[in-house]
Amino acid sequence: MKTASGQPRRVEKKRPATGRVFGGSSGYAGARDGGLIYHRRGTAEAVHIKKEEATVSDTLFDRHRKTLEAAGAAIAKRDYFSAYPEIPSGKNYGETAKADGLAAFEARLDSRFEIDQPGTKGTAGQEVSPYGRPLGISYPRPDLDVLLPAAQAAIPAWAKASAETRVGIALEILKRLNARSFEIANAVMHTTGQGFMMAFQAGGPHAQDRALEAIAYAWQEMNRCPDKVTWQKKISKTDVVRLDKRFRNVPRGVAAVIGCSTFPTWNAYPGLFASLVTGNAVVVKPHPGAILPLAITVEVAREVIAEEGFDSNLLTLVADDPDAPVTKTLVTRPQIGIVDYTGSTEFGRWIEANASQAVVFTEKSGVNSMVIDSVDDIKAVTGNIAFTVSLYSGQMCTTSQNIFIPAGGIDAAGAHMSFDQVAEAIVGAVNWLLGDPKRAVEILGAIQNQETVKRIEQAKADGGEVLRESEAVANEAYPDARVRSPLILKTDASQERLFMREMFGPIVYLVATTGTDQSIELAARAAREHGAITCAIYSTDTGIIEKAEEEVFAAGVPLSCNLTGQIFVNQSAAFSDFHVSGANPSGNATLCDAAFVANRFRVLQSRIPAAVEAEAHAGV
């Protein structure tokens, strides 16, 4: 069935309430406490499922309830959890999933990406794969004067729906996105330059986990306040004032999600889903170089939203081209109540300063540091460092750029190693790791933007002793791929003009310091002044590690200590790691915490004198 607007009609079905608890101890449904009679669930510790008639959307909530509960438990324990398999195998996704995903991606090429959203005026799309070919995909270019009012018009019915309804729909969207992870992986690979395995994991399951994390936090925050209470206050020996109070979560309006070119889904999904489940409409503005992964996301989400009887304009796509950008216009429009941004510090600061009508969440760039003080196993340490600086050609916001090493050398399992010996070991580890061309191209991926290649040459020309040249690496499968290995430069602490700036890409500075104290001070100052998302240290001295922790925490950056093996500083685990602290210039928000979701809606109330019957219910 469809409504007059052409949307499927939402069919309501009755079912018994289960009363199951998410996230903690027993609640208050109907209980009296401190002068309040709770007519619905609601404390910070416990959340009960509303005992009301359910809709089809609530059935989606029940279908995905275990996933939501597991996510909430993982958040509370900060334990390992993943709802979506990260291994791209037929066992996990079906024997034909890989071939089907590639075919679906290839069918997108050289064609128009159709999204039936209002206000289209022409097309946009100039994506070129870092592996060598133009994608040839055109997307609808929207008229914001038409699109934004349509998004606003979709909000009232969505905002009035229960939190269970919105969360159930969001979880169904994630399930369907997960089923299309191979298609999304190819889209991510050929817009960002990531190798296929990384594109599958970071663009698919890991991004979906981050979305689930945001949904779980939003679910908790939306249920902190009950729907209604009877409030009473004794004003004399015989008189009691009673008020019936109703509380409603009210969204901020239209949220704009500004995507980045290197991790379009991983960075966009938390804000997108946090805004959507808290009752807002969302417009997705991808980076013009990486539109396809988010266009597929919008397509899938609009399908689910429409199936459930809501206006699909709750989620729309705003595509543009590098020569006709619309981001500044979009984020400053009065209809925009929330902005999520990932990208450069300069543009992030502009948004923070100019989108004054909106709540703004930013993840910007920074200068990530590593301190080497002493080690037990230099081979294990340098092997870990080599992978860290080589993965995706250093195009990760978590990659270490500066490695601070005492000029006088370090202790390595009781033996002394000079600065030059440590530097030689790092260079040697990178050379070994990338010595096999097939392995090298999978690790390095491709350079997303030609400007990054220019930056490599700029870093070399600016100064520092070249310890390892950045080399072009041939990719047999994609001969035109833009692949570069890391440039490693030697400098000293006096040359801050070289390393006290972000040099995004495969550029590494080995900085000679007067000692570990100066190394820690420089790492902390880089975070304070320029921002940092990660910091790492290698030391066999617990006192040194404690000192480093205190100083870098004061600078607002997390610390990784003595990582070897298969755990790397540039990895961030959903449900356990807080990505970006929000406590230094690299960003003002964290993926994810309660603060990331709570300000996407406000709680409004109405109150009226309680009916006389409330006396019996209150036991007065």
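Cut-off values and rules
- Residues numbered from 1 in each chain as written.
- Predicted model: local features only at pLDDT ≥ 70, side-chain atom pairs only at ≥ 80, totals over all residues.
- Heavy atoms only, no water.
- Buried < 20%, exposed > 50% of the residue type's maximum accessible area, 1.4 Å probe, protein only.
- Helix = DSSP H or I, 4+ residues; strand = E, 2+ residues; numbered from the N terminus.
- Salt bridge = Lys/Arg side-chain N within 4 Å of Asp/Glu carboxyl O.
- Expected span 1.5 Å × (residues − 1).
- Polar contact = N/O pair within 3.5 Å; in protein donor to acceptor, adjacent residues only side chain to side chain.
- Pairing = 2+ DSSP bridges.
- Phe/Tyr/Trp six-rings, centres within 6.5 Å; stacked < 30°, edge-to-face > 60°.
- Lys NZ or Arg CZ within 6 Å of the ring centre and 35° of its normal.
- Contact = heavy atoms within 4.5 Å.
- Core = buried A, V, L, I, M, F, W, Y, C linked by side-chain atoms within 4.5 Å.
- Patch = residues over 30% accessible without salt bridge, like charges linked within 9 Å, V, L, I, M, F, W, Y side chains within 5 Å.
- Areas by Shrake-Rupley, 256 points an atom, 1.4 Å probe, with all protein chains shown as cover.
- Lys, Arg positive; Asp, Glu negative; His and termini not counted.
- Charge placed at Lys NZ, Arg CZ, Asp CG, Glu CD.

Focus: the pairing of strand β16 (residues 402–406)
The side chains of a regular strand alternate between the sheet's two faces. The element β16 is largely enclosed, with a buried count of 5 among its 5 residues. Of the two faces of β16, the one holding Asn402, Phe404 and Pro406 and the one holding Ile403 and Ile405 are both buried throughout.

Digging into the pattern of salt bridges
Counted under the stated rule, the structure contains 27 salt bridges. One network of salt bridges, with partners in common, ties together Arg63, Glu172, Arg176, Glu303 and Glu307.

Structural notes on helix α14 (residues 378–390)
Since one α-helical turn is 3.6 residues long, residues separated by three or four positions face the same way. Here α14 spans 18 Å end to end across 13 residues, near enough to the 18 Å set by a 1.5 Å rise per residue. Every buried residue of α14 is listed here: Val381, Thr382, Asn384, Ile385, Ala386, Thr388, Val389 and Ser390. Near the N-terminus of α14, the side chain that reaches the backbone nitrogen of Lys379, with its oxygen 3.1 Å away, is that of Asp377. Looking one or two places after α14, you find Tyr392, whose phi comes out positive at around 50°.

A short note on the sheet that holds strand β15 (residues 374–375)
Strand order in the open sheet formed by 3 strands is β15-β17-β18, and the pairing between neighbours is mixed. Edge positions in the sheet fall to β15 and β18 (415–417), since each of these pairs with one other strand and no more. In terms of strand pairing, β15 meets strand β17 (residues 410–412) through 2 bridges, oriented parallel. In the sheet register, Val375 faces β17, and the bridge partner there is Ala412.

A closer look at the packing of aromatic side chains
Under the definition given, this model contains 17 aromatic pairs. Consider the rings of Phe263 and Tyr392, whose centres lie 5.7 Å apart with planes at 90°: the pair is edge-to-face. On the criterion of sequence distance, the pair formed by Phe263 in the loop between β9 (254–258) and α10 (264–277) and Tyr392 in the loop between α14 and β16 is long-range, its members being 129 residues apart. By the burial criterion, Phe263 is buried, and Tyr392 matches it. Between Phe404 and Phe499 the ring centres are 5.8 Å apart and the planes differ by 80°, which places this aromatic pair in the edge-to-face class. Residue Phe404 is found in strand β16, and its partner Phe499 is found in helix α18 (residues 496–499); the two are separated by 95 residues along the sequence. Taking the relative accessible area as the measure of exposure, Phe404 reaches 0% and is therefore buried. Judged by its relative accessible area of 0%, Phe499 falls in the buried class. An aromatic cluster is built from Tyr93, Phe182, Phe196 and Phe200, whose rings are joined through pairwise contacts. The cationic tip of Lys98 hangs over the ring face of Phe196; the distance from NZ or CZ to the ring centre is 5.8 Å.

Concerning the environment of Val359
You can see Val359 is positioned in strand β13 (residues 359–363). Residue class for Val359 comes out buried when judged on its relative accessible area of 17%. When the C-alpha atoms of Val359 and Ile338 are compared, they prove to be 4.7 Å apart, with 21 residues separating the residues in sequence. When neighbours within four sequence positions are excluded, Val359 is seen to be in contact with Arg252, Gly337, Ile338, Val339 and Asn599.

Observations regarding the sheet that holds strand β19 (residues 465–468)
If you walk across this open sheet you meet the 7 strands as β19-β20-β21-β16-β14-β22-β23, and the pairing is mixed. Both outer strands of the open sheet, β19 and β23 (560–561), are each paired with one neighbouring strand and no more. Summarising the sheet, β16 and strand β21 (residues 507–513) pair through 5 bridges and their orientation is parallel. Its bridge partner being in β21, Pro406 is matched across the sheet by Thr513.

Some words on unusual backbone geometry
For the peptide bond that leads from Leu591 to Cys592, omega is -10°, which places it in the cis range. Along the polypeptide, Cys592 turns up in the loop between β23 and α21 (594–598). Even without a glycine there, the phi angle at Ala413 is positive, about 55°.

Remarks on the nonpolar core
Considering soluble globular proteins, one finds that nonpolar side chains tend to be buried as a cluster. Within the largest apolar cluster, 152 residues are counted, with the highest numbers of intra-cluster contacts made by Phe273 and Ile372. Residues Ala532, Cys535, Ile537 and Val552 belong to the second largest nonpolar core, which totals 30 residues.

Remarks on a negative patch on the surface
The grouping of Asp541, Glu546, Glu549 and Glu550 at the surface amounts to a negative patch. Within the secondary structure layout, Glu549 lies in helix α20 (residues 542–554).

Let's talk about the side chain of Arg333
One can find Arg333 in the loop between α12 (327–331) and β12 (336–342). Owing to a relative accessible area of 17%, Arg333 belongs among the buried residues under this scheme.

That's the geometry; what it means functionally is another story.
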